Amino acid sequence: MTTNQPDAQNNFEATVLSELRQINQRLDQLELNLEKVDYKFDTYQKASDAMVRLATTIIVAAVAAVIIPSALNAIAPLINALVTSIESAS
């Protein structure tokens, strides 16, 4: 039985090494997949930030387009009165 024992030990070591190599390959694949997911998430996050900035800009422009004419119409009589008073004072 002593002659079979080294063979059994070698088979066990070979099996363990084979399993470790497979585990190592799986870990390498997981690392690659994780890097891809990180890249995709970063790209998504940057695109989302850009969309938020674009939406904010559009909202601010729309609000300005609505408010400025109304404000100028409300201020116009005051400006006319001021200009008229300056002209009559000179």
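Here's a quick rundown of the structure. (Residues numbered from 1 in each chain as written. Predicted model: local features only at pLDDT ≥ 70, side-chain atom pairs only at ≥ 80, totals over all residues. Heavy atoms only, no water.)

It is worth spelling out the overall build of the protein chain at this point. The number of helices and strands found in the protein chain is 1 helix and 0 strands. On C-alpha atoms alone, the protein chain measures out to a radius of gyration of 38 Å, which is more than a quarter above the 12 Å that the 2.2 N^0.38 rule sets for 90 residues. Taking the principal axes of the C-alpha coordinates as reference, the protein chain spans close to 125 × 20 × 10 Å. Each of the 90 residues in the protein chain was classed as buried or not, and the buried ones make up 0%. In the structure as shown, the protein chain presents an accessible area of about 8,300 Å², 66% of it carried by carbon and sulfur atoms. The averaged location of the 10 negative side-chain charges in the protein chain is 5 Å from the averaged location of its 6 positive side-chain charges. (Helix = DSSP H or I, 4+ residues; strand = E, 2+ residues; numbered from the N terminus. Rg over C-alpha atoms; globule rule 2.2 N^0.38 Å. Buried < 20%, exposed > 50% of the residue type's maximum accessible area, 1.4 Å probe, protein only. Areas by Shrake-Rupley, 256 points an atom, 1.4 Å probe, with all protein chains shown as cover. Lys, Arg positive; Asp, Glu negative; His and termini not counted. Charge placed at Lys NZ, Arg CZ, Asp CG, Glu CD.)

Turning to a nonpolar patch on the surface, a few remarks are in order. A cluster of nonpolar side chains, contributed by Phe12, Val16, Leu17, Leu20, Ile23, Leu27 and Leu30, occupies part of the molecular surface with about 650 Å² of accessible area. Residue position: Leu20 is located in helix α1 (residues 4–89). For Leu20, a relative accessible area of 48% puts it in the partly exposed group. (Patch = residues over 30% accessible without salt bridge, like charges linked within 9 Å, V, L, I, M, F, W, Y side chains within 5 Å. Salt bridge = Lys/Arg side-chain N within 4 Å of Asp/Glu carboxyl O.)

On to a negative patch on the surface. A contiguous patch of negative charge on the surface is contributed by Asp28, Glu31, Glu35, Asp38 and Asp42. By the element assignment, Glu31 lies in helix α1.

Checked against the element boundaries, Thr15 lands in helix α1. Distance from Thr15 to Ala74, taken between C-alpha atoms, is 87 Å for residues 59 residues apart in sequence.

All quantities given are derived from atomic positions and should not be read as evidence of function.
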